[in-house]
Amino acid sequence: MSFAAASAALDAAFPGRIDRGQAVRDQHGAGDSWHPAAPPDAVFQPVSTEEVAQAVRICAAHGCPIVPFGAGSCIEGQVNATQGGLCLDLSRMDRILRLSAPDMDVTVEAGLTRQRLNEDLRATGLFLPIDIGAHATLGGMASTRASGTMTVRHGTMADLVMGLTVVLPDGEVIRTGGRARKSASGYDLTHLFVGAEGTLGVITELTLRLTGIPEAAKAGLYSFADLQAATDTVVEALQFGLCLNRIELMDALQMRAINAFNGTDLPEMPTLLVDLTGSAAQVDTDRATFAALAQDHGATVHPVDTPEAYAHVWALRHSALYAARGLRPGASSLSTDVCVPVSDLPGLVAGITATLQAEGLVAPMHGHVGDGNFHLVMLFDPADADEMARVQRVHGELVHRALALGGTATGEHGVGLGKKPYMEAEHGAALALMKRLKVAVDPQNLMNPGKIFDI
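Residues numbered from 1 in each chain as written. Predicted model: local features only at pLDDT ≥ 70, side-chain atom pairs only at ≥ 80, totals over all residues. Heavy atoms only, no water.

Draft legend 1. Up close: the overall build of the protein. A tally of regular secondary structure across the protein gives 17 helices and 18 strands. Taking 23 Å as the expected radius of gyration for a compact globule of 455 residues, we find that the protein reaches 22 Å, a close match to that expectation. Principal-axis analysis of the C-alpha atoms gives the protein an extent of 70 × 60 × 45 Å. For the protein, long-range pairs separated by at least 24 residues make up 72% of all intrachain contacts whose partners lie at least 6 apart in sequence. In the structure as shown, the protein presents an accessible area of about 17,900 Å², 54% of it carried by carbon and sulfur atoms. For the protein, the centre of its 33 positive side-chain charges and the centre of its 50 negative side-chain charges are spaced 5 Å apart. (Helix = DSSP H or I, 4+ residues; strand = E, 2+ residues; numbered from the N terminus. Rg over C-alpha atoms; globule rule 2.2 N^0.38 Å. Contact = heavy atoms within 4.5 Å. Areas by Shrake-Rupley, 256 points an atom, 1.4 Å probe, with all protein chains shown as cover. Lys, Arg positive; Asp, Glu negative; His and termini not counted. Charge placed at Lys NZ, Arg CZ, Asp CG, Glu CD.)

Below is the structure:
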């Protein structure tokens, strides 16, 4: 069965709202990734959990695949409708449903973006401490277990999601978790759906843990002779217990890309960009300590002493992906993100850099060195089969090297289509349990089929 079987029933339930236009379908058939586009048969924009449930019930009755969609900023093809079906675009479900400033928590609809949420929270003195480079919805961020630059201090979306409203593959609506700060009651269903990439149900509402906007925030920019010196500095700083909020690493090629993209003239050397937050006195003291540690490892310190300079250096960091792509205009990019123990990062980067050079590939590196997660942006001509094969070969080598170090194939981008080939190597027998859970919850395999693994 397919969308054709569900088409008339969907039109009857939502007259004039099932969009079959080619342009809209194409827009919803690919994220920000290198994977071939795969448009759905139609797109529906619900405005409530009840509408999502109704649409899912219709699709379930007719065997029609369902692909949840947020902002389409995913890297690994999570929204590509490889089996067609109905795309559920949740972007119109963007309300703050409840806010408790005293309890520092909020309940939102899944289509709200993190940028909008933090803008609306500003007057309360609270914010959601997730800082990813993309424009993304909170439902999508939960579905891919997103994290970003502040993970070293605040954790990932998995640490901040307290409860969910989820529409199951048969259209039933359940609520998981709650507002209590801890619970020993039953299975942790909330975190079964966080990171499931829409394969077990459609997240429509989230209850999130917030934190206070810090009194002070200051940055530091440090250039090193090599990556080993930079990461050694980070390991020492983490052991000192400094008030580090973000610790970002960019290699020499990434710095060259940033300079070219932004018209800056920073040293094209391995560079650490750190952010320290807390009380004003603590931030000043800890930044001085970090600078001393960096200088002990041969770093050059670049002043970041004004609010304008602070905003400027973080804008440079957030331009990293687009700057990397700018090194080769017109090329495609495979952006990958393994994660390993921090102390193993220099050896992994050195080894894969040698492989990239041997293969003649251009791949700037940037990452969240405070938690061992980094990104390679491998640039290639999609019409060049040989170059594409070399990119895929290096990608596979990188993942297997990371797994051998006790790491993971993906720190924050998720599995989707791109990391499927490595799931068995990473999870072993546990992958079979994931498949059994998928079959138990979604016996028709309608929810985002073909993602994470095949059944």
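More follows now that the structure is in view.
Draft legend 2. The packing of helix α14 (residues 345-359) against helix α15 (residues 385-404), seen in detail. The interhelical angle for the contact between α14 and α15, taken along N-to-C directions, is 165 degrees, at an axis separation of 11 Å. Comparing their axes, α15 and α14 come out roughly antiparallel. Two packed elements cross with a definite hand, and for α14 against α15 that hand is right-handed. Taken together, the residues of α15 that come into contact with α14 (itself represented by Leu348, Gly351, Ile352, Thr355, Leu356 and Glu359) are Arg390, Arg393, Val394, Glu397, Leu398, Arg401 and Ala402. Here the residues of the contact of α14 with α15 sort into six nonpolar, two polar and five charged. (Axes fitted to C-alpha atoms, helices over the stretch in contact; angles between N-to-C directions. Parallel < 35°, antiparallel > 145°, perpendicular 65-115°, else oblique. Left-handed = near helix turned anticlockwise from the far one by under 90°. Nonpolar A, V, L, I, M, F, W, Y, C, P; charged D, E, K, R; others polar.)

Draft legend 3. Focus on α15. Look at α15: 29 Å from first C-alpha to last across 20 residues, which is about the 28 Å you get at 1.5 Å a residue. Along α15, the residues that are buried comprise Glu387, Met388, Arg390, Val391, Val394, His395, Gly396, Leu398, Val399, Ala402 and Leu403. Check the buried side of α15 and you find it contacts β16 (332-336), α14, β18 (373-380) and α16 (423-427). Where α15 starts, the residue carrying a side-chain oxygen 3.1 Å from the main-chain nitrogen of Asp386 turns out to be Asp384. (Expected span 1.5 Å × (residues − 1). Buried < 20%, exposed > 50% of the residue type's maximum accessible area, 1.4 Å probe, protein only. Polar contact = N/O pair within 3.5 Å; in protein donor to acceptor, adjacent residues only side chain to side chain.)

Draft legend 4. Region of interest: the packing of aromatic side chains. What the rule picks out here adds up to two aromatic pairs. Plain terms: the ring middles of Phe14 and Phe44 are 4.3 Å apart, the flat faces sit at 35 degrees to each other, and that makes the pair tilted. With a gap of 30 residues between them, Phe14 in the loop between α1 (3-13) and β1 (18-19) and Phe44 in strand β2 (residues 42-44) connect regions that are remote in the sequence. Both residues of the pair, Phe14 and Phe44, belong to the buried class. Judged by centre distance (5.1 Å) and plane angle (50 degrees), the ring pair of Tyr222 and Phe290 falls under tilted. Here Phe290 lies in helix α11 (residues 280-296) and Tyr222 lies in strand β12 (residues 216-223), a separation of 68 residues in the sequence. (Phe/Tyr/Trp six-rings, centres within 6.5 Å; stacked < 30°, edge-to-face > 60°.)

Draft legend 5. Region of the structure containing the nonpolar core. Among the nonpolar cores identified, the biggest contains 53 residues, and Leu10, Leu86, Leu88, Leu117, Leu138, Leu206 and Leu208 are the most heavily contacted of them. Per-element tally for this core: the top contributor is helix α3 (residues 49-62), with six residues. Ignoring any residue separated from it by four or fewer positions in sequence, one finds Leu10 in contact with Phe3, Ile18, Ala55, Ile58, Cys59 and Leu86. Val234, Ala363, Met378 and Met388 belong to the second-largest nonpolar core, a separate cluster that totals 49 residues. (Core = buried A, V, L, I, M, F, W, Y, C linked by side-chain atoms within 4.5 Å.)

Draft legend 6. Examining unusual backbone geometry more closely. Positive phi is not limited to glycine here, since Arg145 has a value of about 55 degrees. The phi torsion at Glu197 lies on the positive side, around 55 degrees, for a residue other than glycine. As for its position among the elements, Glu197 is in the loop between α8 (190-193) and β10 (202-209).

Draft legend 7. Broad picture of empty space enclosed by the protein. Applying the stated criterion across every chain yields a total of three cavities of 30 Å³ or more. The space that makes up the largest cavity amounts to roughly 840 Å³. Surrounding the largest cavity, 49 residues form its lining, Ser73, Cys74, Ile132, Ala134 and Ala136 being those nearest its centre. Of all the elements in the fold, those that place two or more residues in the lining of the largest cavity are β3 (66-69), α5 (138-143), β10, α12 (307-318), α13 (320-326) and β17 (365-368). (1 Å grid on protein atoms, 1.4 Å probe; cavity = no way out; pocket = protein on both sides within 12 Å on 5 of 7 lines; lining within 4 Å. Points joined across faces, edges and corners; volume = space filled by probe spheres on them.)

Keep in mind these numbers describe shape, not what the thing actually does.
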